[in-house]
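Examination of the molecular architecture
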Amino acid sequence: MVYTLPNRPQLLVIGAGVAGGMVAQRAAAAGLNVTILCDGPVVKREDLVHRFRASDPQTMMSPYPPVPHAPQPQVARTDDYLIQKGPVPYAQQYIRAVGGTTWHWAAAAWRYLPNDMKLKSRYGVGRDWPLDYWDIEPWYAQAEEEMGVAGPEDAPFDAPRSAPYPMPAAPLSYMDQVFHEKLTALGYDHISAPQARNNQQVYDDRPPCCGNANCMPICPIGAQYSGNIAVEKAQAAGAELVTNAVVHHLEVGEDGEIIAARYLTPSREEIRVEADRFVLASGGIEGPKILLMSTQENAPDGVANSSDMVGRNLMDHPGTSSTFDSEMPLWPGRGPNVISAITNLRDGDFRSEYAARKLMILNMNPVEGIAKAAIDEGLSGDALREAVRHRTARRQVITAFHEQLPDPANRILPSTEGKTDLLGLPRPEIHYDVGEYVARSAEDTRKRTERIAQSLGAAPGSVEHSEDWLPNNHITGATIMGDDPRDSVVDADCRAHDHPNLWISSSSTFPSVSSVNVTLTIAALALRLGEHIASEARP
Amino acid sequence: MTETPMFTRRLFLAGASAAALLPGAALAQSSAPTSVEFAAACRALSGFDAIPAALVTGAAKVFADPDRTALIEGNASDEMKKSLLKTLYTGMHAPEEGEPERFAYPEALMYACVEDSLNVPSFCGGLPGYWAEKPADA
């Protein structure tokens, strides 16, 4: 029994993270009748903070309640939901609740560089975007204004801009200041990171950051932007929000238009929503999975998939970390989790040979791991107490995001082995590898972090480098954007080549992942898309 | 001064905890006969003169009488002592087998080790921008 909702919105947005929220916000503000479907519940910040403080252990996902009908990959066991076919695990996490994964981001709000969108034509690798940086530059500015970004003016290897940041850059921590001196002497460009977090002022009725040092996994006070804000603004503008609605099928009409979306409730009732226009904003894994599950007579290989590119070209920022003890106490963990970055490795002719990257000085309190290790060494009493203090003050971690190229072999599929979730929907099956382009860059990163550690007085041979690729939850590429319908899923407007009334709002449309966090670009494209749809809908 | 809010909060916690550990206090009255000695042994083992009551009562709950007695008498195994120290320092007991259990969060001793320079994550650290200042011990 399928029940069709009586209300037929002009726009149905599937997904209530920043990607869906901002489309809905803009379209609703323009007067469209908008409905938003979210697969998870509404969550409240105070509940999340309470859950975090009470949880054992505390991880990136510990604030977020389990959603049995919409599983979320966990930290220790992403394979509880994601089916990892390897050879490298794609161990990403995402949050299925109103607000999405920006609940546990670190508010890094970077723009792509113009060359990030011209990899093929400039460096002969990867793909070009079907649009130019300056096509979306005004939308970057609007996204920064909407999210409240604090950033540095005229910083090297920060993207060119038509308007100043809404807020001045957050001050560097003492640790960052010392790093800055050393890194500058080594020839690096080390800048304040642009962050969507209120810097020493109230912005958009949200308080200034007071250094709770907990941007990940939950900002306790809402100084940091999160996607629920866009959804709430959309609702204030008239949008309707439906929660716990797990979309699993899009119906295609004979003319190629999407007719309806079908969702399951937690009790497996099936509901059908007809609409004039559809935006799929369900994230980089669930979104492609919905398209691939939607096989039918008018879309035998799934929706938007005449190119066979849906689910392919999956990317992330394969990460590395280098850990060492500085000679002097610098006390990481004061203020926001990441305040600065090395930027001059973001671009250059080397990109024809190996990956661009962004290096960051981690500013997270490391005391727990240090305490456990000291106890395991057999320390106790005053010696333990002093060792924990001494080491915590000096423990430094440099992390790196490496740019991965799109590869059609890296892909997500609905389980090919019949493995399903609680609603009976196929779990995501992922085939993923990290190639030599990234490996060559990571090797260079290790050499560089060794030199940086030496400059801070680390003992020779003491730097510990991560062995496996670290995931960064920047799920990209699986509904890739391009001009050619034969090898891409959406066009430069993020409209599906195959379906004139279906758009995709997600980092899954990105033809390149660059070396910077993807959320600001998601937001810019979402605002642009909201305006585009509203303009098209106007009589 | 930026350190003030952190220090004040910690002082409050330590003061409240120390009071709870005095002989004859609630803990001693409500636990096994060796509770006061166990608390004293925890203090000696951890390097802290005052341990929040939540940590000691939590530890007393997960470590059996023979283990606690062995600790008091100086016969505890290294394994037991390490497990107890992790409970006191992290606020959480995480056995190799079985479910972890948290007894305390901001009161965990590891945060007391660094309280003059670092706030407990999720609690406000000070005035906006305080982190730009040089920490007390830097």
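Computed from a predicted model, the values in this text were never measured in an experiment.

Okay, the sheet that holds strand E4 (residues 83–87) of chain A next. To summarise the sheet geometry, strands pair through backbone hydrogen bonds and adopt either a parallel or an antiparallel arrangement. All names here are of chain A. The three strands are arranged E4-E18-E17 in an open sheet whose pairing can be described as mixed. Where the open sheet ends on each side, the last strands, each with one partner, are E4 and strand E17 (411–414). On average, adjacent strands in this sheet sit at an angle of 15 degrees to one another, irrespective of strand direction. Pairing analysis gives four bridges linking E17 to strand E18 (residues 428–432), with the strands arranged antiparallel. Within E18, the position partnered with leucine 413 by the bridge is glutamate 429. The sheet strands contacting helix H7 (residues 286–293) are E17 and E18, and the helix crosses E17 at an angle near 50 degrees.

This paragraph deals with the sheet that holds strand E12 (residues 277–280) of chain A. All names here are of chain A. Taking strand neighbours across the sheet as the criterion, the five strands line up as E8-E3-E2-E12-E20 in an open arrangement whose pairing is parallel. The open sheet has two edge strands, strand E8 (240–242) and strand E20 (502–504), and neither has a second partner. On average, each strand axis in the sheet is tilted by 20 degrees relative to the strand beside it, whichever way the strands run. Looking at chain direction, strand E3 (residues 34–37) and E8 are connected through three bridges and run parallel. Paired with isoleucine 36 across the strands is leucine 241, a residue of E8. Lying on the sheet, helix H1 (residues 18–29) is in contact with strand E2 (11–14), E3 and E12; it crosses E2 at an angle near 160 degrees.

On to the packing of aromatic side chains. This structure, assessed with the given rule, holds 12 aromatic pairs over all chains. Members of the aromatic cluster, connected to one another through ring pairs, are A:Phe52, B:Tyr105, B:Tyr111 and B:Phe123. The ring of B:Phe38 has B:Arg68 lying over it, and the distance from NZ or CZ to the ring centre is 5.8 Å.

Quick look at the nonpolar core now. A:Val34, A:Ile36, A:Met147, A:Leu250 and A:Leu502 are the most contacted members of the largest nonpolar core, which totals 101 residues. The leading source of residues in this core is helix H11 (residues 519–537) of chain A, at 11 residues. Residues from two domains meet in this core; each of domain 1 (1–105 + 111–149 + 226–315 + 406–434 + 474–539) and domain 2 (158–217 + 319–403 + 440–468) of chain A gives at least three. The residues contacting A:Met147, other than those within four sequence positions of it, are A:Val18, A:Met22, A:Trp105, A:Ala196, A:Arg206, A:Tyr225, A:Thr519, A:Leu520 and A:Ala523. Ranked by size, the runner-up nonpolar core spans 49 residues in total, among them A:Val43, B:Ile51, B:Val56 and B:Ala112.

In the UniProt entry, the feature "domain: Glucose-methanol-choline oxidoreductase N-terminal" (unreviewed entry) is given for residues 201–318 of chain A. Taken end to end, residues 201–318 of chain A is 14% helix and 22% strand, and its two terminal C-alpha atoms sit 35 Å from one another.

We now examine unusual backbone geometry. Note the cis peptide between A:Asp56 and A:Pro57, where omega equals -5 degrees. The topology assignment puts A:Pro57 in the loop between helix H2 (45–54) and E4. A cis amide bond links A:Met216 to the next residue, A:Pro217, at an omega of 15 degrees. Its location among the elements puts A:Pro217 in the loop between strand E7 (190–192) and helix H6 (228–236). Its identity as a non-glycine residue notwithstanding, A:Asn473 has a phi of 60 degrees, on the positive side. One can find A:Asn473 in the loop between strand E19 (464–465) and E20. For B:Ser122, which is not a glycine, the phi torsion comes out positive at approximately 95 degrees. The residue B:Ser122 is located in the segment after helix H7 (109–113) in this model. Since its relative accessible area comes to 2%, B:Ser122 is described here as buried.

Annotation from UniProt places "domain: Glucose-methanol-choline oxidoreductase C-terminal" (unreviewed entry) at residues 420–526 of chain A. Secondary structure within residues 420–526 of chain A divides into 26% helix and 9% strand; the distance between the first and last C-alpha atoms comes to 31 Å.

Counting from both sides, the interface comprises 42 residues of chain B and, opposite them, 46 residues of chain A. Here chain B meets chain A over a buried area of about 3800 Å², counting both sides, of which 61% is carbon and sulfur. Our enumeration of links across chain B and chain A arrives at three salt bridges. A salt bridge links A:Asp376 to B:Lys86; the shortest N-O distance between them is 2.6 Å. Inspection of the chain B/chain A interface yields 23 residue pairs in polar contact (both at pLDDT 80 or more). For the side of chain B that touches chain A, the secondary-structure elements that each account for two or more residues are helix H3 (35–46), helix H6 (78–90), strand E2 (101–102) and H7 of chain B. In terms of residues, the side of chain B that touches chain A owes the most to one element, H6(B), which gives five residues. Classifying every residue of the side of chain B that touches chain A gives 23 nonpolar, 10 polar and nine charged.

Further remarks concern the state of the cysteines. The full count for this structure, using the stated rule, is one disulfide over all chains. Put simply, A:Cys210 and B:Cys124 are joined by a disulfide, and their sulfur atoms are 2.5 Å apart. You can see A:Cys210 sitting in the loop between E7 and H6 and its partner B:Cys124 sitting in the segment after H7, one on each of two chains. Here B:Cys113 is not cross-linked by a disulfide; its sulfur's nearest cysteine counterpart is in B:Cys42, at 15 Å. B:Cys113 sits in the buried class, given a relative accessible area of 4%.

Let us look at the packing of helix H4 (residues 133–147) of chain A against H11(A). Residues and elements named next belong to chain A. Relative to each other, H4 and H11 sit at 105 degrees, their axes nearing to 8 Å. One element, H4, and the other, H11, form an angle in the roughly perpendicular class. For the pair H4 and H11, contact is made by Asp135, Ile136, Trp139, Tyr140, Gln142, Ala143, Glu144 and Met147 and by Thr519, Leu520, Thr521, Ala523, Ala524, Leu525, Leu527, Arg528 and Glu531, respectively. Taken together, the residues that form the contact of H4 with H11 break down as 10 nonpolar, three polar and four charged.

Take the side chain of A:Arg357 next. Residue and element names in this part refer to chain A. Structurally, arginine 357 is set in strand E15 (residues 357–362). With a relative accessible area of 1%, arginine 357 lands in the buried category. A distance of 2.7 Å separates polar atoms of two side chains, one belonging to arginine 357 and the other to aspartate 444. Reaching out from arginine 357, the side chain makes a polar contact with the side chain of threonine 445 at a distance of 3.3 Å. Beyond its immediate stretch of four places on either side in the chain, arginine 357 contacts Leu345, Arg346, Phe350, Phe401, His402, Ser441, Asp444, Thr445, Arg448 and Ser515.

Scoring rules and cut-offs
- Residues numbered from 1 in each chain as written.
- Chains lettered and ligands numbered in written order.
- Predicted model: local features only at pLDDT ≥ 70, side-chain atom pairs only at ≥ 80, totals over all residues.
- Heavy atoms only, no water.
- Pairing = 2+ DSSP bridges.
- Helix = DSSP H or I, 4+ residues; strand = E, 2+ residues; numbered from the N terminus.
- Axes fitted to C-alpha atoms, helices over the stretch in contact; angles between N-to-C directions.
- Contact = heavy atoms within 4.5 Å.
- Phe/Tyr/Trp six-rings, centres within 6.5 Å; stacked < 30°, edge-to-face > 60°.
- Lys NZ or Arg CZ within 6 Å of the ring centre and 35° of its normal.
- Core = buried A, V, L, I, M, F, W, Y, C linked by side-chain atoms within 4.5 Å.
- Buried < 20%, exposed > 50% of the residue type's maximum accessible area, 1.4 Å probe, protein only.
- Domains from an automatic or database assignment.
- UniProt positions renumbered as here; feature names shortened; annotations may be inferred.
- Buried area = accessible area lost by both parts, 1.4 Å probe.
- Salt bridge = Lys/Arg side-chain N within 4 Å of Asp/Glu carboxyl O.
- Polar contact = N/O pair within 3.5 Å; in protein donor to acceptor, adjacent residues only side chain to side chain.
- Nonpolar A, V, L, I, M, F, W, Y, C, P; charged D, E, K, R; others polar.
- Disulfide = S-S within 2.5 Å.
- Parallel < 35°, antiparallel > 145°, perpendicular 65-115°, else oblique.

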